[in-house]
Amino acid sequence: MTGADECGRAALVLAAIAALPGDRHVGFVRDLIRRGEVRERQAVLRALAALPAAERFVELAIDACRSNIETVFTAIACDNDYPARHFPAPAFDQMVIKALFVGAPLARVAGLAARTTGELVRMVDAYVSERTAAGRPIPGDVALIRRPS
Amino acid sequence: MNLFDPHVHMTSRTTDDYAAMAAAGIAAVVEPAFWVGQPRTHVGTFEDYFLSLLGWERFRASQFGIHHFCTLAMNPREANDPALVDGVLALLPGYLEKDGVVAVGEIGYDDMTPAEDRCFAAQLELARAHGLPALIHLPHRDKKRGCERTLALVREVGFAPERTIVDHNTEETLPLTLASGCWAGHSIYPHTKMDERRMVELVQRYGGERILVNSAADWGVSDPLKVARTHDAMHAAGIADATLEAIFWRNPIAFFAQSGRLDPAELETRPAIDQRQLHEGNSVLRGQTPKVDVPSGPA
């Protein structure tokens with residue numbers, strides 16, 4: 001869940017960005033994520049969608065999906081408009097499959113229905129097949145992936 | 001019987017783990033270079049990591065009577081960081097020539113991005129140039145497609161399948177891996193990847209040829225005794241001793257001996273434990289009486 005500290009930190013990021021020339025924005029945000037402790041990273045990731053010309057930060061956001069720290073992953077994957085607005089399809093698909101893997105709730109992935117592609121459906125079907133072959137339970141959240149009409 | 005764990009990240013484990021592994025029969029390990037849980041931010045940290053696998057970790061293993069080998073590479077996940085890839089790829093040729101390096105790995109796919117394609121192919125070429133086998137990690141997500149793409153890339157590059165091990169197989173990928181002529185690794189994990197019971201069923205179905213089993217133990221919830229536990233489960237299920245010896249000892253030796261840096265005869269004798277020894281002035285001991293033994297005979 002987003003905490004008051006994250007809201008405060010996000011406000012500081014927005015203020016700092018407003019004071020910096022545009023060509024330094026990406027490097028500044030990259031340093032905040034790289035040098036941040038866990039909640040600092042989460043706060044920056046939650047603020048990304050609100051930054052000016054937010055598409056400039058897409059590589060940083062995709063990279064955050066590679067985190068093994070579950071709260072960092074959910075800061076970008078859940079309750080965050082950024083991926084649905086800016087991720088290319090392969091990155092969005094990988095994020096959704098990872099959410100299934102780590103048990104992050106798909107109901108909280110913003111824009112999931114609109115971004116669901118045939119390829120994502122195939123990946124989810126393959127995941128169900130792999131789990132079935134392994135005799136492992138299927139996460140209930142796969143039902144939230146609907147074939148695009 | 002001696003056991004071989006052909007994929008275990010000992011740098012993340014304690015000396016208690018080394019002692020328990022040795023007691024359970026583990027006589028040799030291969031430690032692949034991998035990702036360390038969070039992204040590294042400088043090329044220099046990779047160099048120090050490679051040096052620790054070749055130095056301190058090899059020494060630590062020897063202090064518990066375990067032969068330690070490693071594989072070096074840029075791992076698939078960090079292959080997506082453009083600030084690191086070229087620098088790490090430039091480091092590798094010097095380190096791939098070192099004693100104790102028995103393959104290029106872990107390479108392969110994580111997200112299956114174009115950056116991963118490039119890094120994977122470049123490192124297969126490095127393996128070829130240095131006369132080393134390749135250890136390939138299958139992705140956790142979209143694994144079957146990842147396996148198909150992996151085998152297609154190995155074919156496209158023209159890398160010899162008999163010098164390739166594809167690791168982290170499941171029920172759905174093993175038939176593909178075996179049909180390709182590559183060796184097939186299986187990581188036995190407490191909750192994910194593969195477990196002992198399923199591994200028994202796979203060996204009952206496919207036999208032991210080109211099959212390897214590892215613990216892939218690392219900094220997460222994992223178990224460095226999974227090789228020994230899986231051996232015991234197969235024995236209890238009535239799998240023939242000759243098959244067990246192939247899977248848990250002969251196969252990893254045959255595969256990694258292709259590097260020319262692992263002498264099967266030397267492996268038949270455990271390193272003599274002499275805990276009086278120091279590595280660059282450091283001991284694994286903290287005030288204990290050093291354990292010292294004489295070399296044991298052939299196993």
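Definitions and cut-offs
- Residues numbered from 1 in each chain as written.
- Chains lettered and ligands numbered in written order.
- Predicted model: local features only at pLDDT ≥ 70, side-chain atom pairs only at ≥ 80, totals over all residues.
- Axes fitted to C-alpha atoms, helices over the stretch in contact; angles between N-to-C directions.
- Helix = DSSP H or I, 4+ residues; strand = E, 2+ residues; numbered from the N terminus.
- Parallel < 35°, antiparallel > 145°, perpendicular 65-115°, else oblique.
- Left-handed = near helix turned anticlockwise from the far one by under 90°.
- Contact = placed C-beta atoms within 7 Å.
- Nonpolar A, V, L, I, M, F, W, Y, C, P; charged D, E, K, R; others polar.
- Buried ≥ 20, exposed ≤ 12 C-beta atoms within 10 Å, placed from the backbone.
- Right-handed = clockwise from strand over helix to strand, strands pointing away.
- Pairing = 2+ DSSP bridges.
- pLDDT = per-residue confidence, 0-100.

Chemist: I keep staring at the packing of helix H5 (residues 70-77) of chain A against helix H7 (residues 89-102) of chain A and nothing clicks. Help me out?
Modeler: Each packed pair of helices is defined by two parameters, the angle between the axes and the distance between the axes. Residues and elements named next belong to chain A. Where H5 contacts H7, the axes come no closer than 11 Å and their chain directions differ by 140°. Taken together, the axis directions place H5 and H7 in an arrangement best described as oblique. Here the hand of the crossing between H5 and H7 comes out left-handed. Residues Glu70, Phe73 and Ala77 of H5 lie in contact with H7, whose contacting residues are Met95, Lys98, Ala99 and Val102. Residues belonging to the contact of H5 with H7 are distributed by class as follows: five nonpolar, no polar and two charged.

Chemist: Hey, could you run me through the interface of chain A and chain B in this one?
Modeler: For an interface, size is often stated in terms of accessible area lost upon the parts coming together. Of the residues lining the interface, 14 residues belong to chain A; the matching set on chain B comes to 16 residues. For the side of chain A that touches chain B, the elements supplying multiple residues, two or more each, are H7 and helix H9 (118-133) of chain A. Looking at the side of chain A that touches chain B, the element that brings in the most residues is H9 of chain A, giving five residues. When its residues are assigned to classes, the side of chain A that touches chain B shows six nonpolar, three polar and five charged.

Chemist: Explanation requested: the pairing of strand S7 (residues 183-187) of chain B in the structure shown.
Modeler: Regular strands place side chains that alternate from one sheet face to the opposite one. Residue and element names in this part refer to chain B. Within S7, five of the five residues are buried, leaving the element largely enclosed by the surrounding structure. Of the two faces of S7, the one holding Trp183, Gly185 and Ser187 and the one holding Ala184 and His186 are both buried throughout. Taken together, strand S6 (residues 164-167), helix H7 (residues 174-180) and S7 constitute a β-α-β crossover, and its handedness is right-handed. Relative to strand S8 (residues 211-214), S7 runs parallel, the two being bridged by four bridges. Among the inter-strand pairings, Gly185 is bridged to a residue of S8, identified as Leu212. In terms of handedness, the path from S7 via helix H8 (residues 196-206) over to S8 forms a crossover that is right-handed.

Chemist: Even after reading the chapter, I still don't get the confidence of the model for chain B, so can you show me in this structure?
Modeler: Interpretation of the predicted coordinates at a detailed level should be avoided for regions scoring low in pLDDT. Per-chain confidence: chain B averages 94 in pLDDT, with 98% of residues scoring 70 or above. At the level of chain-chain contacts, confidence expressed as ipTM amounts to 0.76, with global pTM at 0.88.

Chemist: Quick question: what am I supposed to make of unusual backbone geometry here?
Modeler: Leave glycine aside and you will find that most residues have negative phi; peptide bonds, for their part, are mostly trans. All names here are of chain B. In the segment running from Gly105 into Glu106, the intervening peptide bond is cis, with an omega of -5°. Secondary-structure assignment places Glu106 in strand S4 (residues 101-108). At Arg210, a residue that is not glycine, the phi angle is positive and equals roughly 60°.

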